[in-house]
Amino acid sequence: MILRYFDRRDLAFTALIVILIGFQVFLDLEIPGYMSTITVALEHGERSVVLEEGRKMLYCALLSIVCAVANCYLAARVAANVSGRLRDLQYRNVLRFSKQDVDSFSAASLITRSTNDAYQIQNTIARGLHLVIHAPILAVWAIIKIMGKDWHWTLATAVTLMIMVCLMAFVISYTVRRFKKIQGLMDNVNKATHDSVKGVRVIRAYNGEDYQYSRFEKANLDMQENSLEITRVM
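Residues numbered from 1 in each chain as written. Predicted model: local features only at pLDDT ≥ 70, side-chain atom pairs only at ≥ 80, totals over all residues. Heavy atoms only, no water.

1. Re the environment of Ile172
Applied cut-off: Helix and strand definitions here come from DSSP, where helices need a minimum of 4 consecutive H or I residues and strands a minimum of 2 consecutive E residues; each element is numbered from the N-terminal end.
By the secondary structure assignment, Ile172 is in helix α5 (residues 151-198). Note: C-alpha distance between Ile172 and Met234 (62 residues apart in sequence) is 8.6 Å.

2. With respect to helix α1 (residues 8-44)
Rules: Residue count minus one, scaled by 1.5 Å, sets the expected span of a helix. Here a polar contact is recorded for every N or O atom pair within 3.5 Å, except that within protein the pair must consist of a potential hydrogen donor and a potential acceptor, and residues adjacent in sequence are included only if both atoms are side-chain atoms.
The end-to-end C-alpha separation of α1 is 55 Å, in line with the 54 Å expected for 37 residues at 1.5 Å each. Regarding α1, its N-cap is Asp7, as a side-chain oxygen of that residue lies 3.3 Å from the backbone nitrogen of Arg9 further along. Downstream of α1 by a residue or two, Gly45 has a phi angle that is positive, lying close to 70°.

3. Describing unusual backbone geometry
Test applied: Residue burial is assigned from relative accessible area. The probe radius is 1.4 Å, only protein chains are included, and a residue is buried under 20% of its type maximum, exposed over 50%, and partly exposed in between.
One non-glycine residue, Asn207, adopts positive backbone phi at about 55°. Relative to the assigned elements, Asn207 resides in the loop between α6 (200-205) and α7 (209-233). In this structure Asn207 comes out as exposed when scored by relative accessible area, which is 63%.

4. Here we look at the packing of aromatic side chains
Two aromatic rings are characterised by how far apart their centres lie and by the angle between their planes. What counts, and what does not: Stacked, edge-to-face and tilted are the three classes for Phe, Tyr and Trp ring pairs, Trp counted by its six-membered ring, which pair at centre distances within 6.5 Å; planes under 30 degrees apart are stacked, over 60 edge-to-face, the rest tilted. For a ring to carry a charge above it, either NZ of a lysine or CZ of an arginine must fall within 6 Å of the ring centroid while also lying within 35 degrees of the normal to the ring plane.
If you walk through the whole model with that rule in mind, you get four aromatic pairs. Ring geometry for Phe26 against Trp141: centres 6.1 Å apart, planes inclined by 40°, an arrangement best described as tilted. One end of the pair, Phe26, is in helix α1; the other, Trp141, is in helix α4 (residues 107-147), with 115 residues separating them in the sequence. The exposure class assigned to Phe26 is partly exposed, which follows from its relative accessible area of 35%. Three or more aromatic residues joined by ring pairs make a cluster, and in this case those are Phe23, Phe26 and Trp141. Over the ring of Tyr174 we find Arg178, and its NZ or CZ is 4.2 Å from the ring centre.

5. What about the packing of α1 against α4?
Here is the rule we go by: Here the axes come from fitting lines to C-alpha atoms, over the contacting stretch only for helices, and the angles between their N-to-C directions go from 0 to 180 degrees. Reported orientations rely on four angle classes, namely roughly parallel under 35 degrees, roughly antiparallel over 145, roughly perpendicular from 65 to 115, and oblique for the rest. A crossing counts as left-handed when the near helix is turned anticlockwise from the far one by less than a right angle, and as right-handed when that turn is clockwise. Contacts are residue-level and defined by heavy atoms, with any inter-residue pair within 4.5 Å sufficient. All amino acids are sorted into three groups, where Ala, Val, Leu, Ile, Met, Phe, Trp, Tyr, Cys and Pro are nonpolar, Asp, Glu, Lys and Arg are charged, and the leftover types, Gly among them, are polar.
One way to put it is that α1 packs onto α4 with a least axis distance of 9 Å and a crossing angle of 40°. With respect to α4, the element α1 is oriented oblique. Once α1 is placed against α4, the crossing between them reads as right-handed. Contacts between α1 and α4 involve Thr14, Ile17, Val18, Ile21, Gly22, Gln24, Val25, Phe26, Asp28, Leu29 and Glu30 on the former and, on the latter, Leu129, His130, Ile133, His134, Ile137, Leu138, Trp141, Ala142 and Lys145. Classifying every residue of the contact of α1 with α4 by side-chain character gives twelve nonpolar, five polar and three charged.

6. Digging into the packing of α1 against helix α2 (residues 47-95)
Where α1 meets α2, the axes come as close as 8 Å, and the angle between the chain directions of the two elements is 160°. One finds that α1 runs roughly antiparallel with respect to α2. At the point where α1 passes α2, the crossing takes the left-handed sense. The class makeup of the residues in the contact of α1 with α2 is 26 nonpolar, seven polar and eight charged.

7. Details of a nonpolar patch on the surface
Put simply, the test is: A patch is a set of surface residues, each over 30% in relative accessible area and not in a salt bridge, joined within 9 Å for like charges and within 5 Å for the nonpolar side chains Val, Leu, Ile, Met, Phe, Trp and Tyr. With residues, only the protein chains shown are counted as cover, and all accessible areas are computed by Shrake-Rupley using a 1.4 Å probe. Within this document, salt bridges are pairs made up of a side-chain nitrogen of Lys or Arg and a carboxyl oxygen of Asp or Glu, the two lying within 4 Å of each other.
A cluster of nonpolar residues, Leu58, Tyr59, Leu62, Ile65 and Val69, forms a patch on the protein surface that exposes about 510 Å² of accessible area. Looking at the element boundaries, Ile65 is found in helix α2. Residue classification places Ile65 among the exposed residues on the basis of a relative accessible area of 51%.

8. With respect to the confidence of the model for the protein
Here is the rule: Each residue gets a pLDDT score, which is the predictor's confidence in that residue and runs from 0 to 100.
Per-residue confidence for the protein gives a mean pLDDT of 86; residues scoring 70 or more make up 100%. For the protein, the element scoring lowest by mean pLDDT is α4, at 81; α2 scores highest, at 91.

9. Quick notes on the nonpolar core
To be explicit about the condition: We call a set of buried Ala, Val, Leu, Ile, Met, Phe, Trp, Tyr and Cys residues a nonpolar core when their side-chain atoms join them within 4.5 Å.
Ranked by size, the top nonpolar core spans 18 residues in total, and within it Ile17, Val78, Val82, Ile125 and Leu129 carry the most contacts. Contributions of two or more residues to this core are made by α1, α2 and α4. With seven residues, α2 is the largest single contributor of residues to this core. Leaving out residues up to four positions away in the same chain, Ile125 has contacts with Ile2, Phe6, Val78, Ala79 and Val82.

The structure is reproduced here in structure tokens:
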């Protein structure tokens, strides 16, 4: 669904990210092989082999860092472009709303949609373009590479991968509900702030400061506790 908001440049950057991640995974998986050769050479006192393999390993590590930096930069560019496009489309759409439409959504909810929601999408795209692509490629490539070495290592890697997948599934299922809850809690914070600013004269006239303080504090604490719970689990 979100892909329809990608333009040609974003799709080109995404394709480049996939290529760079594949190359980065290749480099990361080559390093243990060089390390193994160095370990054997150290046992036999072959200093020249250690220096040669160590130089290759250093080159792989440096190229891997370059690929990682390029991936993060391109992912950030794509995420910023898409989120900016979404905010612009949403702003133009809200301008066409009637007063009844605004009241049905509430000003606080519309503020949340155009700020926090767009930021969450931007953050998800920036992280997802790296993690969601990198993890499966690394897992599959590592298992294929290990399968030719020893079935014990293959079994150990497969079991570890299954455990990680189960843990990730649990974390995602547990936190998604809390992430959905954040939207309503953010609306409450925005509504309390909006009402306090809009009705500041009435609040002062009727000495309602304490009530507004307590109202905002409750909304703020509810959101804080929910966010802390998500952060602890993740």
